[in-house]
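Next come the chains, spelled out residue by residue.
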Amino acid sequence: MTGAGYVRTDQIKEAVVGHELDVLNAIGIGWHGGRGHIDCPYLDHGGKDDWRWDTGKARAFCTCIGQRPDEGGSHSIFDVVLVREGVDFEAAKIRFAEIIGRAHLIEEGGSGPRGQMQDAVCLLSAPVEDRDDTLPLKYLAALPLGIDPAAAPTPRMCAVGSKGVAGSNEGVEA
Ligand SMILES: [Zn+2]
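Residues numbered from 1 in each chain as written. Predicted model: local features only at pLDDT ≥ 70, side-chain atom pairs only at ≥ 80, totals over all residues.

**Structural notes on the confidence of the model for the protein chain**
Close inspection of predicted coordinates is inappropriate in any region flagged by low pLDDT. Threshold: Each residue carries a pLDDT score, the predictor's own confidence in it, on a scale running from 0 to 100. Strands are runs of DSSP state E lasting at least two residues, helices are runs of H or I lasting at least four, and both sets are numbered from the N terminus onward. Working definition of a contact: two residues with C-beta atoms, positioned from the backbone, lying within 7 Å.
Residues with a pLDDT of 70 or more make up 64% of the protein chain, whose mean pLDDT is 79. Highest mean pLDDT in the protein chain belongs to strand β3 (residues 59-61) (97); lowest belongs to helix α5 (residues 113-116) (40). Segment residues 111-123: pLDDT under 50, and 17 contacts once partners within four positions in sequence are set aside and those in other chains are kept. This model gives residues 166-172 a pLDDT under 50, and the stretch forms 12 contacts once residues within four places in sequence are excluded.

**Focus on the nonpolar core**
For the record, the criterion: The term nonpolar core means buried Ala, Val, Leu, Ile, Met, Phe, Trp, Tyr and Cys residues held together as one set by C-beta atoms within 7 Å. With C-beta atoms placed from the backbone, the exposure class of a residue follows from how many other C-beta atoms lie within 10 Å of its own: 20 or more, buried; 12 or fewer, exposed; in between, partly exposed.
Ranked by internal contacts, the top residues of the largest apolar core, which has 20 residues, are Val23, Ala60 and Phe96. Sorting the residues of this core by element identifies α1 (9-16), α2 (20-26), α3 (77-85) and α4 (89-99) as the ones contributing at least two each. In terms of residues, this core owes the most to one element, α3, which gives 4 residues. In this structure, Phe96 is in contact with Ile12, Val16 and Val23, ignoring residues within four places of it in sequence.

Encoded structure:
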């Protein structure tokens, strides 16, 4: 496990609407919420009285915006966090979820066995009372490898053991 989570873009974009000022506050941008400008909060600029947040448009404006690669004439709240904190988009989405109290939008990371469990091929599920997920390991250990189950490699794909078919060592699909 990497420990990193994943946040769906559509969900976080929807969730953050109306919370932009909370986000600005949380990342240390002292936006006053009114008219006028503040010093640019971006480390690569910092221009005096240059930056402003337009609440109605939900966009940031500054003389420096438009000079970085691949940016338009204003910044969304996502762009603000990206430039201000120097994080990538995936990290920014997690930051948003934490700031606005939507940590439940953070899903387990896509790498590792638990990420694989989400795949369609893993949706085969045995009833709980019939299920023994040590069976695939025992099967793998006993047949191809001839080693102790504890030493068997964990299958990268989803493995579900069913007691009903294990006796024959047939139909156990890893
Ligand atoms: Zn600026």
